[in-house]
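Commentary on secondary and tertiary structure
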Amino acid sequence: MPKRIGILTGGGDCPGLNPAIRGCVMRAMDHGYECLGLSEGWRGLVTGTAAPLGLEDVQDIVGKGGTILGTSRTNPFKKEKEGAVKACLDNFKKLGLDALVAMGGEDTLGVAARLHKEHKVPVVGVPKTMDNDLSATDYTFGFDTSTTIAVDAAERLKDTGRSHRRVMVLEVMGRHAGWVALYTAIASAADWVCLPEEPVDVEAMCAHIKKVHPRKKTALVITSEAVELPGASQAKTLDDFGHEVLKDRAVGERVAEIIQSKTGIETRSASIGHIQRGGPPTLFDRILGTRVGVAAADLVGKGNFGMMVALKGNDILPVSLAEATAKLKTVPAEWLNFAKIFFK
């Protein structure tokens, strides 16, 4: 019987997942492995829901957004008392798996790291997050596409803001790290950026907007969805991984209200939300997703488990899952200072 790799995609979807799945499946064939796609992330391993992944399933998905496997934020260790972890281990055997490739961000890969450390599951990680917040890799696929979409939205907001002499606020995704907001602000020539790494200086922001608005006939503020604002509600809904559910915070609207009340300038907000997650991946994300998918299959072929494939410079290299999930890559002070060069 040929050896068998299970592939799952967990957490938020993002462009580049399908190229990564394709790269892993097609390279696994070279190593003599067949692949099974687990449905909806770790939920698929908990329930044992899987289907074969062959050449016909993946050969044309390099340009498709989302993930053909489905995804969820299921955390087996959150439901450990209900037998979810044991179900994962049992289904690994029942499905005849010899290895598992888990594609995801800090949460998905955190589960993979624990399964390997605590239960010796032969697993390889593939870094996926549009937030670009995994510290062991230079870039994650999904980031380039999502930020490109955000920049396009920001430039459109500037056009309508200038027409109506308004201040425009764009809310973008980014839970713990503000990379999407930072890159969007720099690339769209925004006038201010609000990041979770730095307290929002409301007075400085509004003073700057009052300065630039007469000159530009508009002003643009980019804000991450996770920033803390004065007067924000402390009530929080948490997901399976203990993270606050951010969809109801309406940060962009709140920032716009603050700006209008303090400057007297008409202000509008927009949130592109899940539009950032969908659509065809950029060339960068297609190639990066493909490369890390192929590299994951190569690690399985070598029996090098407990590792994640990472982009270091222009090389794809293995790093330990423990290292990869030890801390998040947040925006450092030098990047914050770099962005402020352009707020004039």
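Okay, so let's go over this structure.

Reading the values: the criteria
- Residues numbered from 1 in each chain as written.
- Predicted model: local features only at pLDDT ≥ 70, side-chain atom pairs only at ≥ 80, totals over all residues.
- Heavy atoms only, no water.
- Helix = DSSP H or I, 4+ residues; strand = E, 2+ residues; numbered from the N terminus.
- Buried < 20%, exposed > 50% of the residue type's maximum accessible area, 1.4 Å probe, protein only.
- Contact = heavy atoms within 4.5 Å.
- Areas by Shrake-Rupley, 256 points an atom, 1.4 Å probe, with all protein chains shown as cover.
- Core = buried A, V, L, I, M, F, W, Y, C linked by side-chain atoms within 4.5 Å.
- Phe/Tyr/Trp six-rings, centres within 6.5 Å; stacked < 30°, edge-to-face > 60°.
- Lys NZ or Arg CZ within 6 Å of the ring centre and 35° of its normal.
- Pairing = 2+ DSSP bridges.
- Axes fitted to C-alpha atoms, helices over the stretch in contact; angles between N-to-C directions.
- Salt bridge = Lys/Arg side-chain N within 4 Å of Asp/Glu carboxyl O.

1. Points about the overall build of the chain
Each helix and strand in the chain was counted, giving 12 helices and 11 strands. Looking at the chain as a whole, 53% of its 344 residues qualify as buried. Here the analysis covers contacts within the chain between residues at least 6 apart in sequence; of these, 76% occur between residues at least 24 apart. Working note: accessible area of the chain is about 14900 Å², and carbon and sulfur atoms make up 52% of it.

2. Topic: unusual backbone geometry
At Asn132, a residue that is not glycine, the phi angle is positive and equals roughly 60 degrees. By the element assignment, Asn132 lies in the loop between strand S5 (123-127) and helix H6 (143-164). The exposure class assigned to Asn132 is buried, which follows from its relative accessible area of 2%. Of note in the backbone geometry, Lys217 takes a positive phi value of approximately 65 degrees without being a glycine. Within the fold, Lys217 resides in the loop between helix H8 (202-216) and strand S8 (219-224). On the accessibility criterion, Lys217 (39% relative accessible area) is partly exposed.

3. Remarks on the nonpolar core
Membership of the largest hydrophobic core comes to 44 residues, with the highest contact counts inside it found for Met205, Val221, Ile222 and Ile259. Where this core is concerned, the elements lending two or more residues are H6, strand S6 (167-172), helix H7 (179-187), strand S7 (192-194), H8, S8, helix H9 (251-263) and helix H12 (333-340). In this structure, Leu17, Ala99, Val300 and Met307 belong to the second largest nonpolar core, which totals 33 residues.

4. Re the packing of aromatic side chains
On inspection of all chains with the given rule, the structure shows 9 aromatic pairs. Note on Tyr139 and Phe143: the rings are 6.1 Å apart at their centroids and 35 degrees apart in plane angle, and the pair reads as tilted. Summarising the aromatic geometry, the rings of Phe338 and Phe342 are spaced 5.4 Å apart at their centres and angled 80 degrees between planes, so their arrangement reads as edge-to-face. Given a relative accessible area of 37%, Phe338 falls into the partly exposed group. One aromatic cluster is present, built from ring pairs that chain together Tyr139, Phe143, Trp179, Tyr183, Phe284, Trp335, Phe338 and Phe342. One residue, Arg114, lies across the ring of Phe77, its end atom 3.8 Å from the ring centre.

5. Thoughts on the sheet that holds strand S9 (residues 267-271)
The strand order across the open sheet built from 4 strands is S7-S8-S6-S9, with neighbouring strands paired in parallel fashion. Edge positions in the sheet fall to S7 and S9, since each of these pairs with one other strand and no more. Taking the axes of each pair of neighbouring strands and ignoring which way they run, one obtains an average angle of 20 degrees across the sheet. Across 5 bridges, S6 lies against S9 in parallel orientation. Bridge assignment links Val167 to a residue of S9, and that residue is Thr267. Contacting S6, S8 and S9, H6 crosses the sheet at an angle of about 165 degrees to S6. Here H7 sits on the sheet in contact with S6, S7 and S8, set at roughly 165 degrees to S8.

6. As for the pattern of salt bridges
Per the counting criterion, the structure on display carries 14 salt bridges. The salt bridge involving Arg166 is made with Glu266; its shortest N-O contact spans 3.3 Å. With Arg166 in the loop between H6 and S6 and Glu266 in the loop between H9 and S9, this residue pair connects regions lying 100 residues apart in the sequence. Taking the relative accessible area as the measure of exposure, Arg166 reaches 18% and is therefore buried. What makes Glu266 partly exposed here is its relative accessible area of 33%. Here Glu266 ties to Arg268 by a salt bridge, and the two come within 2.6 Å at their closest N and O atoms. One network of salt bridges, in which partners are shared, links Arg27, Asp30 and Asp298.

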